[in-house]
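# Survey of secondary and tertiary structure
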Amino acid sequence: MWDRLLTDCHVATMVASPGNPLGLFPNAAIGIADGKIVRVGKRTELAGFRAKEVTPCGGAWVTPGLVDCHTHLVFGGTRANEHAMRRAGATYEEIAKAGGGIASTVAATKAASADELRDTARRRLHALMQGGVTSIEIKSGYGLDTASEIRLLNAARAIGRDEPVRVVTTLLAAHALPPEAKEGPARDVYVKMIAEEMIPAVAKAGLATSVDAFCESIAFTPAEVERVFTAARANGLPVRLHAEQLSNQKGAELAARYKALSADHLEHLDAAGAKAMAAAGTVAVLLPGAFYALNEKKKPPVDLLRDAGVAVAIASDCNPGTSPVLNPQLIMNMACTLFGLTPEEAIAGMTINAARALGLAHEVGTIEAGKAADLCVWRVSELSELGYWIGMPGPERRIFCGQDS
Ligand code: NIG
Ligand code: FE
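The residue numbering used here restarts from 1 in each chain and proceeds along that chain's sequence as written. In the order they appear in the text, chains get letters beginning with A and ligands get numbers beginning with 1. Per-residue local features are limited, in this predicted model, to residues with pLDDT of at least 70; the limit for side-chain atom pairs, both in listing and counting, is 80 or more; totals at the level of whole chains, interfaces and linings are taken over all residues. As a convention, hydrogens and water are excluded, and side-chain values are obtained from all of the structure's heavy atoms.

## Description of the sheet that holds strand S9 (residues 240–243)
Two strands qualify as a pair provided DSSP detects at least 2 bridges between them. Only DSSP runs of H or I reaching four residues or more are called helices, and only runs of E reaching two or more are called strands; each is numbered from the N terminus. Sheet architecture is open: four strands sit in the order S9-S10-S11-S12, paired in parallel fashion. In this open sheet, the two strands that pair with only one neighbour each are S9 and strand S12 (312–314). Going across the sheet, the axis of each strand differs from the next one's by a mean of 25°, ignoring polarity. As a rule, the C-alpha atoms of each element are fitted with a line to give its axis, helices using only the stretch in contact, and angles between N-to-C directions run from 0 to 180 degrees.

## Looking at the coordination of the iron ion (ligand 2)
Here the iron ion (ligand 2) is held by His70 (NE2), His72 (NE2), His242 (NE2) and Asp317 (OD), and the distances to it run 2.0 to 2.5 Å. For the iron ion (ligand 2), the single-chain donor residues occur in sequence as H-x1-H-x169-H-x74-D. Placement of the pair is His70 in the loop between strand S5 (66–68) and helix H2 (80–87) and Asp317 in the loop between S12 and helix H13 (328–337), with a sequence separation of 247 residues. Asp317 shares its class with His70; the two are buried. Distances decide who is a donor: an N, O or S atom must be within 2.8 Å of the metal, or within 3.2 Å for Na, K and Ca. Water is not included, so sites may look incomplete. When accessible area is computed with a 1.4 Å probe and restricted to protein chains, residues below 20% of their type maximum are described as buried, those above 50% as exposed, and intermediate ones as partly exposed.

## Quick notes on the UniProt feature "binding site: N-formimidoyl-L-glutamate" (unreviewed entry) in the protein chain
UniProt positions are given in the numbering used here, feature names are shortened, and annotations may be inferred rather than shown by experiment. When the UniProt feature table is mapped onto this chain, "binding site: N-formimidoyl-L-glutamate" (unreviewed entry) is found at Tyr142, Asn319 and Gly321. A maximum C-alpha distance of 11.5 Å is found for the annotated residues, which run over 180 residues; spatially they form one tight group. Two residues form a contact once any of their heavy atoms are found within 4.5 Å. Setting aside residues up to four positions removed in sequence, Tyr142 forms contacts with His72, Val74, Phe75, Ile102, Thr105, Val106, Thr109, Glu149, Leu152, His175, Asn319 and Pro320. Here Asn319 is to be found in the loop between S12 and H13. Ignoring anything within four residues of it in the chain, the contact list for Asn319 reads His72, Phe75, Tyr142 and Pro324. What qualifies as a polar contact is a pair of N or O atoms within 3.5 Å, subject to a donor-acceptor requirement within protein and to the restriction that residues adjacent in sequence count only when both atoms come from side chains. Among the polar contacts listed, one links the side chain of Asn319 to the backbone oxygen of Asp317, at a separation of 2.8 Å.

## Quick look at the pairing of strand S6 (residues 133–139)
Within S6, seven of the seven residues are buried, leaving the element largely enclosed by the surrounding structure. As paired strands, S5 and S6 are joined by three bridges and run parallel to one another. Directly across from Asp68, in S6, lies its bridge partner Ile136. Pairing analysis gives five bridges linking S6 to strand S7 (residues 166–174), with the strands arranged parallel.

## Description of the side chain of Lys139
Within the element layout of this structure, Lys139 appears in strand S6. What makes Lys139 buried here is its relative accessible area of 1%. Of note is the side chain of Lys139, whose polar atom sits 2.8 Å from the side chain of Glu137. One polar contact links Lys139 to Asp212, side chain to side chain, over a distance of 2.8 Å.

## Some thoughts on the site of ligand 1
For this purpose, a residue is taken to be near a molecule or strand whenever a single non-hydrogen atom of the residue falls within 4 Å of it. Every one of the 15 residues lining ligand 1 counts as a neighbour, but Arg79, Tyr92, Tyr142, Gln245 and Thr322 are closest to it. One of the side-chain N or O atoms of Gln245 is found 2.8 Å from a nitrogen atom in ligand 1. A distance of 2.9 Å is found between an oxygen atom of ligand 1 and a side-chain nitrogen or oxygen belonging to Asp317. Each residue is assigned to one of three groups, with Ala, Val, Leu, Ile, Met, Phe, Trp, Tyr, Cys and Pro labelled nonpolar, Asp, Glu, Lys and Arg labelled charged, and all others, Gly among them, labelled polar. For the shell around ligand 1, the class distribution of residues is four nonpolar, nine polar and two charged.

## What about the packing of aromatic side chains?
Working definition: a ring pair exists when centres of Phe, Tyr or Trp rings (six-membered ring for Trp) sit within 6.5 Å. Plane angles under 30 degrees give stacked, over 60 give edge-to-face, the rest tilted. Taken as a whole and judged by the stated rule, the model has six aromatic pairs. For the pair Phe229 and Tyr258, a centre-to-centre distance of 5.5 Å together with 65° between the ring planes defines the contact as edge-to-face. Here the residue Phe229 occupies a position in helix H8 (residues 222–234), and Tyr258 occupies one in the loop between helix H9 (251–257) and strand S10 (262–265), the gap between them amounting to 29 residues. An identical accessibility class is assigned to Phe229 and Tyr258; each is buried. Over the aromatic face of Phe75 sits the side chain of Arg124, whose NZ or CZ is 3.6 Å from the ring centroid. For a lysine, the NZ atom is tested; for an arginine, the CZ atom; a charge sits over a ring if that atom is within 6 Å of the ring centre and within 35 degrees of the ring normal.

## Focus on the pairing of S10
Two elements, S9 and S10, share four bridges in a ladder whose sense is parallel. Opposite Leu241, over in S10, you have Ala263 as the bridge partner. Crossovers are described as right-handed under a simple rule: with the strands pointing away from the observer, the path leading from the first strand over the helix to the second runs clockwise. Crossover connection from S9 via H9 to parallel S10: handedness right-handed. Taken together, S10, helix H10 (residues 271–280) and strand S11 (residues 283–286) form a β-α-β motif whose crossover is right-handed.

## Quick word on unusual backbone geometry
In the Ramachandran plot, Asp8 falls in the positive-phi region, its phi being about 55° despite a non-glycine side chain. Note on placement: Asp8 falls in strand S1 (residues 2–12). A positive phi angle, close to 55°, is found at Asn295, a residue other than glycine. Within the element layout of this structure, Asn295 appears in the loop between helix H11 (288–293) and helix H12 (302–308). Among the residues examined, Asn295 registers a relative accessible area of 48% and is labelled partly exposed.

## Focus on the UniProt feature "binding site: 4-imidazolone-5-propanoate" (unreviewed entry) in the protein chain
In this structure's numbering, the residues bearing the UniProt feature "binding site: 4-imidazolone-5-propanoate" (unreviewed entry) are Arg79, Tyr142, His175, Gln245 and Thr322. Structurally, Arg79 is set in the loop between S5 and H2. Judged by its relative accessible area of 4%, Arg79 falls in the buried class. With respect to the element layout, Gln245 can be found in the loop between S9 and H9.

## Looking at the pattern of salt bridges
Here, a salt bridge means any Lys or Arg side-chain nitrogen found within 4 Å of an Asp or Glu carboxyl oxygen. Under the defined criterion, the tally for this structure stands at 25 salt bridges. Here Glu363 and Arg166 are joined by a salt bridge, their closest N and O atoms 3.1 Å apart. On the criterion of sequence distance, the pair formed by Glu363 in the loop between helix H15 (352–357) and strand S13 (375–378) and Arg166 in strand S7 is long-range, its members being 197 residues apart. Taking the relative accessible area as the measure of exposure, Glu363 reaches 29% and is therefore partly exposed. The structure contains a network of salt bridges with shared partners spanning Arg4, Glu53, Arg397 and Asp404.

Right, here's the structure in full:
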């Protein structure tokens with residue numbers, strides 16, 4: 001006997017087939033046992049199966065639980081002051097160079113107690129979960145020394161243990177140079193510390209499943225990123241990269257050379273970068289919240305990505321500086337309205353392609369037998385409403401490992 005049977009629903013399995021990119025399965029039912037999907041079939045076909053709990057969905061749409069594959073969720077303070085500064089004309093780069101930006105969040109994060117860090121991150125996590133998120137990536141990057149980076153990864157892991165959500169952690173020690181190490185030999189010492197101390201320590205403790213870096217004129221050079229990536233590879237950790245956000249540093253090609261799981265942002269990506277990503281199977285993670293908050297004008301070249309055949313994911317990039325966003329539906333809408341994704345692409349971007357970006361596609365991201373029973377039940381008449389409403393409320397039901405939560 002199954003644990004649960006969802007009946008009377010229309011399902012977007014997200015298993016694409018020719019002419020059916022979302023794998024739509026109308027008038028369906030979903031069987032669940034031991035937290036996993038055991039069968040997706042016609043409602044009439046599955047009617048004969050017995051389950052401990054039967055949940056009629058009243059003709060609602062069911063998608064995989066949403067996957068938010070790029071967040072900086074754990075941090076102290078806010079940067080509401082910078083929002084005001086930008087409105088008065090300052091750019092993100094100018095604020096960063098003047099000691100604000102990531103550096104100011106590093107200071108606020110160091111000043112926050114463990115309880116404060118956890119409670120504020122938990123509140124943000126709850127908002128995203130209410131929006132249907134069942135898997136989330138959380139980066140460090142506001143510590144910038146070994147102990148502080150580990151503290152952030154531990155906080156992220158702890159939240160994941162207490163909440164009905166899958167948390168994947170990423171070491172982003174190469175997010176910014178610590179204020180005392182911006183130039184000269186100290187800069188080199190910091191990169192060396194990431195490569196020789198932080199990555200081995202985090203890998204040994206099993207505290208992160210990938211390593212990220214910020215390749216940009218105000219952050220790390222391509223050569224420095226290579227040193228970080230080489231160390232990640234030596235320690236068995238896959239990589240991802242904040243690439244071509246504010247300028248073209250050829251970060252996407254660099255990421256592809258290291259078979260990165262994803263290259264993220266990509267506003268300034270060129271054709272060679274898109275081609276290299278396609279060849280390496282690197283997922284493009286687009287972050288419309290940061291584009292919107294920074295009032296950027298250059299959009300990521302979605303056509304280049306489509307033509308090259310790169311899988312496109314979208315994510316909240318939830319962070320205090322460039323994307324204080326807590327609503328996945330708003331991200332889907334922005335991906336359509338600002339970047340020109342179709343609603344179908346936006347839905348794939350927060351399910352199967354986001355799962356790919358996290359290396360989790362064997363577990364989540366589609367509705368098929370063997371995958372985790374992480375599901376969202378949406379009270380909409382057509383699925384494209386997910387990219388249409390501006391900041392719509394979350395799903396009617398959010399199911400994590402087979403249970404409502
Ligand atoms: O994804 N681009 C770099 N990192 C973040 C911003 C972090 C911050 O400003 O605190 C991003 O946009
Ligand atoms: Fe980011």
